[in-house]
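# What the coordinates show
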Amino acid sequence: MYRLYLLRHAEAAPVMVGGRDIDRPLSDRGRQDAEKLGISMREAGFMPVSVLSSSAVRACETWEKVASRLASTPIETCYAPELYRGDAEDYRILIATAAVEEGLLVVGHNPMIHELALVLLRADDQARSAISGGFLPGALAVLDFPEPLWSIRPRTASLTAFLLPGQ
């Protein structure tokens, strides 16, 4: 099996007057939730090999906080502006061209993360209902595929886990 992690950034602070959306940092709760997620991932054995993150401040901070509790060694991380402004198909293309066959964690935004998960999950996957209500900030979907990530196709993934913020 080949694994893909889809993580929506944790809860962000509101936009400051005159500020830009891309510059929004995490809220205090978002920071705490991201650290808890890192602990939960470590305990469950969910260890990405590589990370592809949106360049938005809240996404970068989410990965920083998760990583601080997840691994003692740095994990290769690439920041992609396309994950901030792109759509679900842009996400899929970036995943397919990431030169990682499995173990990729993508830190992105809604609605793209949610749409991508729904596109990738098998139609008959009973766990699909777990994400049908959407991705809360800080939620993580763990998807397994029968083929390497560079060949991912719609409706081929199984949902192994769906972790919610604060768990």
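Up top is the structure.
### A look at the pairing of strand β2 (residues 50-54)
- Taken across its five residues, β2 has five buried, putting it largely inside the fold.
- Both β2 and strand β3 (residues 76-80) contribute to a ladder of five bridges, which runs parallel. Residue pairing across strands places V51 opposite T77, the latter belonging to β3.
- With helix α2 (residues 57-70) bridging β2 and its parallel neighbour β3, the resulting β-α-β unit is right-handed.

### Focus: the environment of L121
- Along the chain, the position of L121 falls in the loop between α5 (112-120) and β5 (140-145).
- Placed 34 residues apart in sequence, L121 and R155 show a C-alpha to C-alpha distance of 4.7 Å.
- The contacts of L121, once residues within four sequence positions are left out, are R128, I131, L143, R155, A157, S158 and L159.

### Details of the sheet that holds β3
- Taken in spatial order, the six strands line up as β3-β2-β4-β1-β5-β6 in an open sheet, and their pairing is mixed. At either margin of the open sheet sits one strand with a lone partner, and together these are β3 and β6 (158-163). Across the sheet, the axes of successive neighbouring strands diverge by a mean angle of 20 degrees, strand direction being ignored.
- Where strand β1 (residues 2-8) meets strand β4 (residues 104-108), five bridges bridge the pair, whose relative direction is parallel. Considered in β4, the bridge of L4 is made with L104.

### Quick look at the nonpolar core
- Grouped together as the largest cluster of nonpolar side chains are 28 residues, with contacts concentrated most on L4, L6, I95, V106 and L143.
- Of all the elements in the fold, those that place two or more residues in this core are β1, α4 (88-96), β4, α5, β5 and β6.
- The dominant element in this core, judged by the number of residues it contributes, is α5, at five residues.
- If sequence neighbours within four positions are ignored, L4 has contacts with I95, L104, V106, L120, A141, V142, L143, F145 and L149.
- Residues F46, W63, V142 and A161 belong to the second largest nonpolar core, which totals 20 residues.

### Some points on the pairing of β6
- The buried count for β6 comes to five of six residues, which makes it a mostly enclosed element.
- Here β5 runs beside β6; their pairing, made up of five bridges, is antiparallel. In the sheet register, L140 faces β6, and the bridge partner there is L163.

### Re the packing of aromatic side chains
- Throughout the structure, instances matching the rule amount to two aromatic pairs.
- Note on Y5 and F46: the rings are 6.2 Å apart at their centroids and 65 degrees apart in plane angle, and the pair reads as edge-to-face. With Y5 in strand β1 and F46 in the loop between α1 (28-44) and β2, this residue pair connects regions lying 41 residues apart in the sequence.
- We classify F46 as buried; its relative accessible area is 9%.
- On the numbers, 5.1 Å between centres and 75 degrees between planes, the contact of F135 with F162 is edge-to-face.

Analysis parameters
- Residues numbered from 1 in each chain as written.
- Predicted model: local features only at pLDDT ≥ 70, side-chain atom pairs only at ≥ 80, totals over all residues.
- Heavy atoms only, no water.
- Buried < 20%, exposed > 50% of the residue type's maximum accessible area, 1.4 Å probe, protein only.
- Helix = DSSP H or I, 4+ residues; strand = E, 2+ residues; numbered from the N terminus.
- Pairing = 2+ DSSP bridges.
- Right-handed = clockwise from strand over helix to strand, strands pointing away.
- Contact = heavy atoms within 4.5 Å.
- Axes fitted to C-alpha atoms, helices over the stretch in contact; angles between N-to-C directions.
- Core = buried A, V, L, I, M, F, W, Y, C linked by side-chain atoms within 4.5 Å.
- Phe/Tyr/Trp six-rings, centres within 6.5 Å; stacked < 30°, edge-to-face > 60°.

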